[in-house]
Amino acid sequence: MTHGDQSTILHKSEERGVINKELLIALVTEQGPKREAGRLFLEDGIQLENVTDIRIEFLNILNIDHLWVMPNLVKLKLSNNRIEKIENLDMLVNLKELDLSFNNICIMENLNNLKKLEVLQLFENEISVVEGIDDLQGLTIFSIGNNKIADWDHVMYLRKFKKLRSLNISGNSCMEQEGYLDYLFAFMPQLVYFQYKMIKEEQRQAAVQIHFRAIHKLEEKEAKEKEEVDKQKAFEEHIALLSISYVEYLDGDYLFEKMFEHDKDGKDLQGLNDDTQNAFEEYRKIFSAISQELYELGLKEQIKRSDEITLFKDIVNEGKDANQKDARQIVDDVLEKKAEIISGIKELIESMTEELDPDILYEKVESAQHHSEQFNDLLSKTWAKLMHQEVVLHEQMEDINEVFKINMTDMVGQFLETAQGYFSQMRSIESEFNNTMGVLATLVMNSYGGPDDAKMPPHLLDICGDKDTLSNNLAATHDIHLQVIDDREDRMVSRLKTWVEEYTEKNVSEERDRHRRQVLEISHFLDYQRTEFNALQLQNAGNTDPDVAAVLEE
């Protein structure tokens, strides 16, 4: 693409105010490396997905669009346009610097996905409320000057950004209000620079003195809130760990309590008298101990699985890195040899003149052709080397994946076999308890003369008024308890088996895709080298004497 073409594209874009692929390529070309580095940059082809820095400024842009083709952007400048809405930036998860200054933006929105953002510039817009950046906890520099911010709410909002070091809010009406600076300096202790000037220590101390009591109350409130947040975070992390260990809610009495959650008959039976209550507590103790053992085993097994995965990934990455290193050496050798051959051909062609004896001329032509054949032979051998190396790696990766699948399947299988033994213990303990409750409830029932005995309390009639009632209640509570145990066992078994199957299949699928990409990459690289070599030959031939060129063409 020529400079004139780029200028035309930029001019057209300025008329339309549209971001599209054509514009992005033109800008990347214009802003890319110059001279020899620039030539190589263009020869390699512009890959928008690899671009990390771009300036889209002074182009009358109306809408932010099409930037999802550049997911690796780190710096993005969109200043001095006519943008009214912040949008279509969600894919730029690697962005660290964003400049939207000198636009027509009214609302801070659609920014929370940019979690790596460190610098945000919104100078000279129409913003009245600082909002919509709660998740940008890495924000370090924030410029919101020359907007329409009148109240002081933004101070407390920005106070929670602990890494914020520089704030520019000049040109907003809030700055004109008495006491604003003291309020800002007092409640934003993390700030080092304000309006790009370092805050003096005496300024900060004076501000803190003015708002000392309010700061003290606020810090106490924040400390309590942080404690609650930390507790919740720790709990969520704990649950997450248990979830990947597949033993969530097996510690403590959770599973035991779950059995009685919807078991009214069971609750009534255990409350018949002291004997039933004691039997219930003993049952809880033994059952929960079994559950706890299974829980602790699950955590240990998760560590073993994690270690196996780490070992697997290390081996895979080591193999890929070694292959990549060898491939890079082969490619470097090809490029070096290509440069030598091109140089040799160029020297031969330059030495050809019409004054040369025809026999000598044809000797030189044959020598040039020999160089060309030599290069084509080099490419063929290189293709064979790279493909052989890639095929060997692919077969090794397939073998490693198969070994990992076998190891992980065996590991999970052994754990599940042991876990099912624990669940069997739980069912046995439950059956023993059910029998014990039957005996104790029968004793209670027999202590009365039957359901017609006026001395039998009314609440006992529905529990153990007669043998059939007691038998039905015991069977119902037994079924409920077994269902809870069975469901928990089935959940663990099915989830773990599904995880092994999906994880190992993902590894196989990723390796298959990697292999296909690598084969295509090898072919594309060598095709490009052959095409470029032929183009350089024609270029060199075109620069020589016409008569000699005719001989070369023959």
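What you are looking at is a predicted structure, and each value in this text was computed from that prediction instead of being measured.

A. Up close: helix α2 (residues 21-31). Of all the residues in α2, the buried ones are Leu-23, Leu-24, Ala-26, Leu-27, Val-28 and Thr-29. Here α2 starts with a cap whose side-chain oxygen sits 3.3 Å from the backbone nitrogen of Glu-22, and that cap is Asn-20.

B. Representation of the sheet that holds strand β5 (residues 141-143) within the structure. Pairing is mixed in the open sheet, where eight strands are placed in the order β1-β2-β3-β4-β5-β6-β7-β8. The sheet terminates laterally at β1 (53-55) and β8 (197-198), the two strands that pair on one side only. Looking at chain direction, strand β3 (residues 97-99) and strand β4 (residues 119-121) are connected through three bridges and run parallel. Of the residues in β4, the one forming a bridge with Glu-97 is Val-119.

C. View of the nonpolar core. Counting 60 residues, the largest nonpolar core has Ile-56, Leu-67, Leu-76 and Phe-142 as its most contacted members. Looking at which element gives the most residues to this core, the answer is helix α5 (residues 180-187), with six residues. Among all residues touching Leu-67, those that are not within four sequence positions of it are Ile-19, Leu-24, Ile-56, Leu-76, Leu-78, Leu-89 and Leu-92. In terms of nonpolar packing, the next biggest core, distinct from the first, is built from 53 residues, Tyr-246, Tyr-283, Ala-419 and Ala-441 among them.

D. View of the pattern of salt bridges. For the coordinates displayed, the defined rule picks out 25 salt bridges. Between Glu-227 and Lys-231 there is a salt bridge whose closest N-O contact spans 3.8 Å. Of this pair, Glu-227 and Lys-231 both sit in helix α7 (residues 212-245), four residues apart, which is roughly one turn of that helix. Accessibility expressed as a relative area gives 45% for Glu-227, which makes it partly exposed. A salt bridge links Glu-281 to Arg-284; its shortest N-O distance comes to 3.5 Å. Highlighted residues: Glu-281 and Arg-284, both in helix α10 (residues 274-350), separated by three residues, approximately one helical turn. Assessed through its relative accessible area of 36%, Glu-281 is described here as partly exposed. Counted as one network, the salt bridges with shared partners bring together Glu-248, Arg-488, Arg-491 and Arg-495.

E. The packing of α5 against helix α6 (residues 201-210), seen in detail. Axis separation between α5 and α6 bottoms out at 8 Å; the angle between their running directions is 95°. Here α5 lies roughly perpendicular to α6, going by the angle between them. Touching Asp-182, Phe-185 and Ala-186 of α5 are Gln-203, Arg-204, Ala-207, Val-208 and Ile-210, all from α6. Here the residues of the contact of α5 with α6 are counted per class, giving five nonpolar, one polar and two charged.

F. Structural view of α5. In terms of burial, α5 is largely enclosed, as six of its eight residues are buried. Taken together, the buried positions of α5 are occupied by Tyr-180, Tyr-183, Leu-184, Phe-185, Ala-186 and Phe-187.

So, how was this worked out
- Residues numbered from 1 in each chain as written.
- Predicted model: local features only at pLDDT ≥ 70, side-chain atom pairs only at ≥ 80, totals over all residues.
- Heavy atoms only, no water.
- Buried < 20%, exposed > 50% of the residue type's maximum accessible area, 1.4 Å probe, protein only.
- Helix = DSSP H or I, 4+ residues; strand = E, 2+ residues; numbered from the N terminus.
- Polar contact = N/O pair within 3.5 Å; in protein donor to acceptor, adjacent residues only side chain to side chain.
- Pairing = 2+ DSSP bridges.
- Core = buried A, V, L, I, M, F, W, Y, C linked by side-chain atoms within 4.5 Å.
- Contact = heavy atoms within 4.5 Å.
- Salt bridge = Lys/Arg side-chain N within 4 Å of Asp/Glu carboxyl O.
- Axes fitted to C-alpha atoms, helices over the stretch in contact; angles between N-to-C directions.
- Parallel < 35°, antiparallel > 145°, perpendicular 65-115°, else oblique.
- Nonpolar A, V, L, I, M, F, W, Y, C, P; charged D, E, K, R; others polar.

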